Amino acid sequence: MKIIMLGAPGAGKGTQAKKIAEKYHIPHISTGDIFRANIKNGTELGKQAKTYMDQGLLVPDELTVNLVIDRVQKEDCANGYVLDGFPRTIPQAEALTKALEGLGEKLDYAIDVDVPDENIVNRMSGRRACVSCGATYHVVYAAPKVEGICDTCGAELILRDDDKPETVQKRLGVYHEQTQPLIDYYTKAGILKSVDGTRNLEEVFKSIVEILGE
Ligand code: AP5
Ligand code: MG
C-alpha cells in the first residue's frame, strides 16, 4: 500500500502517518524528519535545508526529490510506505508520478487531513518534539507521561524552531500557495481521500482505517 499524506502544517500528518505505519507494517517516510536528522548530524544537506526551514520556506526541489525517489526504492518499501510531507509542490508530485511509472508502480491513496487555519497555530504552539527519536506530543491533546520527557526514549522534549507563531503563519501561506494545488492534482488522479482532521486523533485514525481497510 503506497500512501501520501496531505494537509497543512500541524494538521496531524505525522501523527496519523505513524499510526498507519504501525498498523499496516509499512515504513513512515517524513521529509521533515529526514531534514531535521541531517541538521542534528551537521551534514551538508542539513546545513542547506536549515536556512529554508527556519524561515518557514520549502527546501528547493533539487535537494528533496532525489532523496525521496531513492528512499522509496529501498528494500523495506517493497510492500509500500506512507510518505509524510512529500510531495508538497506540483513539480515534486510530477517527479514522483514519473519515477513510479518507470518502476511500473503507482500510489494507492492520497489522504488529505483537513484542518482550517484557525486551529493550526494553537496546535503548533503546544507541540513538543523529542530531540532524540523525533516522537511528537502535544501539551494538551497528546501529553507525555512525564512533562518534558519522551515516553519512548526518555530524551528531552522541545518546541521545534519553526513552530514560533510568526513562522507558522509563513508556513501556512506557503502551504496554500504551493501545496494545496496537490488536492486538485490527486483528485484528478482519482486517489484523493479527505478526512476531517479537527476531531481527536483516534477519531481521525478511525476514518483513515475505514478508507484503507482493516
Ligand atoms: P514538516 O516536518 O513536514 O512540517 P509540516 O508540513 O509543516 O507539518 P508538521 O510536521 O508541522 O505538522 P503535521 O501535519 O505532521 O502535524 P503533527 O502530526 O506533528 O516540514 C518542515 C519543513 O521542512 C518545511 O517547512 C520545509 O521547509 C521542509 N520540507 C519538508 N518536506 C519538504 C518537501 N517535500 N519539500 C520542500 N521542503 C520540505 O501534529 C501537530 C500537533 O498537533 C502535534 O502536537 C500533535 O500532537 C497535535 N495533533 C495532531 N493531531 C491532532 C488532533 N486530531 N487533535 C489535537 N491535536 C492533534
Ligand atoms: Mg510532521
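Because the structure is predicted, anything quoted here is derived from the model rather than measured.

**Student:** Hey, could you run me through the packing of helix H1 (residues 13-24) against helix H9 (residues 201-212) in this one?
**Tutor:** Each pair of packed helices can be described by the angle between their axes along with the distance between the axes. For the pair H1 and H9, interaxial distance at closest approach is 10 Å and the crossing angle is 50°. Considered as vectors, H1 and H9 are oriented oblique to each other. Where H1 crosses over H9, the two elements pack in a sense that is right-handed. For the pair H1 and H9, contact is made by Thr15, Gln16, Lys19, Ile20, Lys23 and Tyr24 and by Leu201, Glu202, Val204, Phe205, Ile208, Val209 and Leu212, respectively. Each residue belonging to the contact of H1 with H9 can be placed in one class, and the counts come to eight nonpolar, two polar and three charged.

**Student:** What is the right way to read the sheet that holds strand E5 (residues 127-130) from this model?
**Tutor:** Sheets are built from strands that pair by backbone hydrogen bonding, the pairs being arranged parallel or antiparallel. Spatial strand order, E6-E5-E7: three strands in an open sheet with antiparallel pairing. The sheet is open, and its two borders are formed by strand E6 (136-138) and strand E7 (157-158), each paired with just one other strand. Both E5 and E6 contribute to a ladder of three bridges, which runs antiparallel. Opposite Arg128, over in E6, you have Tyr137 as the bridge partner. Running at roughly 40° to E5, helix H6 (residues 117-126) makes contact with E5 and E6 of the sheet.

**Student:** Teacher, can you tell me more about unusual backbone geometry here?
**Tutor:** Backbone phi values are negative for most residues with the exception of glycine, while trans is the configuration of most peptide bonds. Here the residue pair Phe86 and Pro87 is connected by a cis peptide bond, since its omega of -5° sits within 30 degrees of zero. Relative to the assigned elements, Pro87 resides in the loop between strand E3 (81-84) and helix H5 (90-102).

**Student:** Any chance you could explain the packing of aromatic side chains here in plain terms?
**Tutor:** A ring pair, where both rings are aromatic, is described by two values, the distance of the centres and the angle of the planes. All told, the structure shown has one aromatic pair when counted by the stated rule. Measuring from centroid to centroid gives 4.9 Å for Tyr185 and Tyr186, while their planes differ by 80°, and the two rings are edge-to-face. Overall, the relative accessible area of 2% leaves Tyr186 in the buried class. Taking NZ or CZ as reference, Lys19 lies 5.1 Å from the ring centre of Phe205, over its face. Directly above the aromatic system of Tyr24 lies the positively charged group of Lys23, at a separation of 5.8 Å from the ring centroid.

Rules behind the numbers
Residues numbered from 1 in each chain as written. Chains lettered and ligands numbered in written order. Predicted model: local features only at pLDDT ≥ 70, side-chain atom pairs only at ≥ 80, totals over all residues. Heavy atoms only, no water. Axes fitted to C-alpha atoms, helices over the stretch in contact; angles between N-to-C directions. Helix = DSSP H or I, 4+ residues; strand = E, 2+ residues; numbered from the N terminus. Parallel < 35°, antiparallel > 145°, perpendicular 65-115°, else oblique. Left-handed = near helix turned anticlockwise from the far one by under 90°. Contact = heavy atoms within 4.5 Å. Nonpolar A, V, L, I, M, F, W, Y, C, P; charged D, E, K, R; others polar. Pairing = 2+ DSSP bridges. Phe/Tyr/Trp six-rings, centres within 6.5 Å; stacked < 30°, edge-to-face > 60°. Buried < 20%, exposed > 50% of the residue type's maximum accessible area, 1.4 Å probe, protein only. Lys NZ or Arg CZ within 6 Å of the ring centre and 35° of its normal.

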